[in-house]
Amino acid sequence: MTTVTEAPPPLAPTPQKKPPRRRGRLTPYWLLLPGILWLLLFFALPMVYQASTSVQTGSLEEGYEVTWHFATYWDAVSEYWPQFLRSVLYAGTATALCLLLGYPLAYLIAFRAGRWRNLILILVIAPFFTSFLIRTLAWKTILADGGPVVGALNSLHLLDVTSWLGITAGDRVLATPLAVVCGLTYNFLPFMILPLYTSLERIDGRLHEAAHDLYAKPFTTFRKVTFPLSMPGVVSGTLLTFIPASGDYVNADLLGSTDTRMVGNVIQGQFLRVLDYPTAAALSFILMAAILIIVTLYIRKSGTEDLV
Amino acid sequence: MHNAGQNKHVQRSIRNGGPSVTRRSLLRATTGGALTLGGAATLSACGIPAAKNTAGVDSDDHSAKEKRISFSNWTEYMDVDDSEKRHPTLDAFTKRTGIKVKYTEDINDNVEFFGKIKPQLAAGQDTGRDLICVTDWLAARLIRFGWVQKLDPSNLPHAYANLSQQFRNPDWDPGRAYSYPWTGISTVIAYNKKALDGVEVKSVSDMLDNPKLKGRVGFLSEMRDTIGMTLLDLGKDPAKFTDDDYDAAIARLQKAVDQGQIRRFTGNDYTADLTKGDLAACIAWAGDVVQLKADSPDVDFVIPDSGYMTSTDNLLVPNKARHKTNAERLIDYYYEPGPAAQLAAYINYVCPVDGVKAELAKIDEDAANNPLIIPDAAMAAKSRSFRSLSTKEETAYEEKFAKLTGA
C-alpha cells in the first residue's frame, strides 16, 4: 500500500465566535460571595466540627479523640426516641393549631380589616417586643391551678376529658403536655400569621369578583381560589413554625414536667450538665436529619415547589 | 426534589454564565462542596484536647500597676443603695484601696457560665475576669482541672481568721487554698400554708408519700440539692454515700415521679409556683425563702430532723487573671465584719464570716437573729454537704438524674 501524503486541504476560515463576556458570567457568584462566606463560616464549619464531635470518645478531663465511634448515634436513638417522637408530635400539634388560629386571623386582616389592618398587624407583632422568656412565664400565671382559666375548664368538666386523653393530669393544666403545646402555639403564632397574611394580601380582589360572577358560593371561592393561592403562605408559615418548635426547649422546661421533655431539653442537658458532648452532637444531627426528612416529604406532598 | 434538573441549572450557569443560578441549587452546591472538601481529614483533626492543665499556672499579675479588678458575680448578690445603681460596700472598698471594681452580674447558671469560660480556660487564655463566684461543685471542677490560681494567704489575713469553722475544710479544697466562700446556701423544705391546708410536712418522706399532695410537690433541678435531701431522708450521709445509696435515692424519687406525686423539677422559678400555691411544698433555697416570707405570709420553711444540705458559692481567681493581688484584697475585705454584715443584711444568704452577728444587729436586728442567715449551733449541727465527685461519677450521676427528671 502506498502511502500518499497529501497536504490537507486548507481549512476554511471558521467564523470567529465572540467569547462570552467573562464579567457577566461571574457576576452572580460575586454577588453570592458574602452569603457563601457567611454560610461557610457559620454553618458549614460548625457542622464539620459538630460532626467530628459526634464520633469522638473520651471525657472532658482527658480530652476527646476521634475514634469514629458511630455507635453513639445508635445509642442516642435507642435511648431518646421517645423524646424525638414527642418533639415531632408537640411541634406538629402546635403547627396545626397555629394554622387553625392563624388562617382566619390572617384572612380577616387581609380582606376584612379595612382601616384597622395596621393596628391588628401591630397587635400580632406587639408581644414580640417583650422577651420570649417573659411571654412563656406569663403562661404560668394564666394557667395557674387556682386561676380563672383552670377554674372555668374545671367547671365545664373539660379537664376530665383532657385527663382521660392523657394530655392533662388531674385538675391542673400546668406541668402537663397541654401546657407545653399551648406555650408552643402561642410563641410561634406570629410566624404563621405573617407569611399567611403576606400571601393572602397579594391575591387580586378581582379573582374573587370573577368567582362570584361565575356563581361560585363563598366557600367554593375559598376552596378553589383563595386557599390554593395562599399555599405559599401556608407552606412557609408551617415551616417557620414547625422547625423552631421541634427544637424548642424553653416551653417544655418552664410549662412542662418530667413526662414532657423534648429533644431540645435532652440536648441541653447532655451538653451542659452531663458534659457528654458526643451524644449531644449526635442528637443534634439526628434532629436535623429528622426535620430535613419531614420537611422534604411535606414540601413534595404539598406540591408547592414553584410557589415557594 | 428534581435533582437532575437542578444540576443542569448549575452546569448551565457555570458554562454560559446565564443568570440561572437558583437559590437552592447554589446553597446545596456550596454546602455539599464544603462538606466534601472538609471531609474525613478535617473531621478527625478536630478532637478536643484534655481539659486538665498540667503545665502549671504562669501568673500574670499586674495588680501593682493597674489599680482595678473585674469581678463576675450572680445577679442580686451584692448590696445596692436606694438608687439601685451603686454598691456601697464596693464603693467603700475603692475609696479605701484605690482599686476600681468592674462589677458584672453575668452569672445566671453554673452550667452555662462554665460553658462560657471553658474555651478560654482550656486554651490557657485570660477570661477577662479577675474574680468569679461559682457553686462548690463547679469550683471543685475548676480546681481539679487546674484552671484557677492558688491564693496567697499573706494577702488574706481577715479571711483566714474569720471564715466559719463549718466552711473551712471542704473535701475539694482542704484548708481553702484556692477558694473562699462568698455565701453559704442552705437547702430546706419550703411550703405554702394555705395550699397545704392542714397537711403536715416535716420531711422529704412527707412530701413523697402523702397522697393529698399529689402533683403539688416540687424538687430542684440541681442534682446535689435534690439527691442530697433524699439521701438524708434515707438516713445516708451525702458526704460519704456510695453508688448503691445514690441509686436508692433515684429509685425513691422515680417512684414518686411515676405516681405523679412530683409536679416538676424546677430551677429558680419555683418561687412563683410556691407563692401562688401551685406548689404546696418544695425543696427550696433558704435565701429565697427569707425573701418570699417577707413578701407572702403564707410561705414558710422547715428543717427536716434528718438534716439539710448546705452548699457554697465561692470566689475564685481564674488562670491568667491580670489582677490577682487586687482580687485577694477584695476577698479579704469582705471577710471584715463590717462589710460582711452590710452584705449579709442585703442578700439574705448564710454569712460565712464569724463575728458578724453584732455588726449585723446594728443594721437589721431580725436578720441577725435569723438562723438562715447567721446559723446558730443547732442549725449548724444539722448542716450536711455533698461530697465531691470525680469526672466519671459526675457524668454517671448527672445522666441518671437527667433520666429521672425527663423520662
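Residues numbered from 1 in each chain as written. Chains lettered and ligands numbered in written order. Predicted model: local features only at pLDDT ≥ 70, side-chain atom pairs only at ≥ 80, totals over all residues.

Basically, it comes down to this: UniProt positions are given in the numbering used here, feature names are shortened, and annotations may be inferred rather than shown by experiment.
Under an unreviewed UniProt entry, chain B has the name ABC transporter substrate-binding protein and belongs to Streptomyces flaveus. Turning to chain B, the UniProt record has this under Subcellular location (unreviewed entry): "Periplasm".

Per an unreviewed UniProt entry, chain A carries the name ABC transporter permease and comes from Streptomyces flaveus. Heading Sequence similarities (unreviewed entry) of the UniProt record for chain A holds this comment: "Belongs to the binding-protein-dependent transport system permease family. CysTW subfamily."

1. Points about the overall build of chain B
Inclusion rule: Helix and strand labels come from DSSP, where a helix needs a run of H or I of at least four residues and a strand needs a run of E of at least two; each type is numbered from the N terminus. Put simply, a residue is buried when 20 or more other C-beta atoms lie within 10 Å of its own C-beta and exposed when 12 or fewer do; between those, it is partly exposed, and each C-beta is set from the backbone. Our contact criterion uses C-beta atoms placed from the backbone: two residues qualify when those atoms are within 7 Å.
From N to C terminus, chain B includes 18 helices and ten strands. Within chain B, the fraction of its 407 residues that count as buried is 42%. Long-range contacts, defined as pairs at least 24 residues apart, comprise 74% of the intrachain contacts of chain B with a sequence gap of at least 6.

2. Observations regarding the overall build of chain A
Here is the rule we go by: Every radius of gyration here is taken over C-alpha atoms, with the globule rule written as 2.2 Å times N^0.38, N being the number of residues.
Of the regular secondary structure elements, chain A holds 13 helices and two strands. The globule rule puts the C-alpha radius of gyration for 308 residues at 19 Å, and the 28 Å found for chain A is more than 25% above it. Projected onto its principal axes, the C-alpha positions of chain A cover 110 × 75 × 40 Å. Going through the 308 residues of chain A one by one, you find that 34% of them count as buried. Of the contacts formed within chain A by residues at least 6 apart in sequence, a portion of 70% connects residues at least 24 apart.

3. Digging into the pairing of strand S4 (residues 180-192) of chain B
Residue and element names in this part refer to chain B. Here is the rule we go by: Two strands are counted as paired when DSSP detects at least two bridges linking them.
With respect to burial, S4 is a largely interior element, 13 of its 13 residues being buried. Both S4 and strand S9 (residues 308-316) contribute to a ladder of seven bridges, which runs antiparallel. Bridge pairing in S9 places Thr 183 opposite Asp 313. Relative to strand S7 (residues 281-285), S4 runs antiparallel, the two being bridged by five bridges. Paired with Val 188 across the strands is Ala 284, a residue of S7. Note: S4 against strand S8 (residues 299-302), four bridges, orientation antiparallel. Each bridged residue has a counterpart across the sheet, and for Ile 189 the counterpart in S8 is Val 302.

4. Overview of helix H12 (residues 286-295) of chain B
For H12 of chain B, the full list of buried residues reads Ala 286, Gly 287, Asp 288, Val 289 and Leu 292 of chain B. Summarising the contacts, the buried residues of H12 of chain B are in contact with S4, helix H11 (270-276), S7, S8 and helix H14 (337-347) of chain B.

5. Observations regarding the UniProt feature "transmembrane region" (unreviewed entry) in chain A
Residue and element names in this part refer to chain A. Summarizing the sequence annotation, UniProt attributes the feature "transmembrane region" (unreviewed entry) to residues 29-49, 88-111, 118-138, 174-197, 225-245 and 280-299 in the numbering used throughout. Secondary structure over residues 118-138 splits into 71% helix and 0% strand, and the C-alpha atoms at its two ends are 26 Å apart. With 100% helix and 0% strand, the stretch residues 280-299 has end C-alpha atoms that lie 28 Å from each other.

6. Some remarks on the UniProt feature "domain: ABC transmembrane type-1" (unreviewed entry) in chain A
Here, the residues flagged by UniProt with the feature "domain: ABC transmembrane type-1" (unreviewed entry) are residues 84-298 of chain A. Helix makes up 78% of residues 84-298 of chain A and strand 0%, with an end-to-end C-alpha separation of 18 Å.

7. With respect to the domain arrangement of chain B
Residue and element names in this part refer to chain B. Formally: Segment limits for the domains were obtained from an automatic or database-derived domain assignment. Asp, Glu, Lys and Arg are counted as charged, while Ala, Val, Leu, Ile, Met, Phe, Trp, Tyr, Cys and Pro are counted as nonpolar; the rest, among them Gly, fall into the polar class.
Entries for chain B in the domain assignment read domain 1 (68-178 + 317-372) and domain 2 (185-310 + 390-405). Distance from the C-alpha centre of domain 1 to the C-alpha centre of domain 2: 27 Å. Each partner contributes residues to the interface: domain 1 has seven residues there, and domain 2 has seven residues. Here the residues of the side of domain 1 that touches domain 2 sort into five nonpolar, two polar and no charged.

8. Focus: the pairing of strand S1 (residues 68-74) of chain B
Residue and element names in this part refer to chain B. What counts here: Look down the strands so they point away from you; if going from the first strand over the helix to the second traces a clockwise path, that crossover is right-handed.
For S1, the buried fraction is high: six of the seven residues fall into the buried class. In terms of handedness, the path from S1 via helix H3 (residues 88-97) over to strand S2 (residues 100-107) forms a crossover that is right-handed. Bridge analysis of S1 against strand S3 (residues 131-135) gives two bridges, and the strand direction is parallel. Within S3, the position partnered with Ser 72 by the bridge is Ile 132.

9. Re the nonpolar core
Grouped burial of nonpolar side chains is what soluble globular proteins tend to show. For the record, the criterion: Each nonpolar core consists of buried Ala, Val, Leu, Ile, Met, Phe, Trp, Tyr and Cys residues. Their C-beta atoms, within 7 Å, join them into a set.
One finds Ala 190, Ala 281, Cys 282, Leu 316, Leu 330, Ala 340 and Ala 344 of chain B to be the most contacted residues of the largest nonpolar core, which totals 99 residues. For this core, the leading source of residues is S4 of chain B, giving seven residues. Per-domain counts for this core show at least three residues from each of domain 1 (68-178 + 317-372) and domain 2 (185-310 + 390-405) of chain B. With sequence-adjacent residues up to four places away left out, Ala 281 of chain B is seen in contact with Ile 189, Tyr 191, Leu 196, Val 201, Met 207, Leu 213 and Val 217 of chain B. Counting residues in hydrophobic clusters, the runner-up holds 51 residues, among them Leu 143, Val 235, Ala 245 and Ile 267 of chain A.

10. Observations concerning unusual backbone geometry
All names here are of chain B. At Asp 197, a residue that is not glycine, the phi angle is positive and equals roughly 55 degrees. On the secondary structure map, Asp 197 appears in the loop between helix H7 (193-196) and helix H8 (204-209). Phi at Lys 320 takes a positive value of approximately 65 degrees, unusual for a residue other than glycine. One can find Lys 320 in the loop between S9 and helix H13 (324-333). Lys 320 sits in the buried class, given 22 other C-beta atoms within 10 Å.

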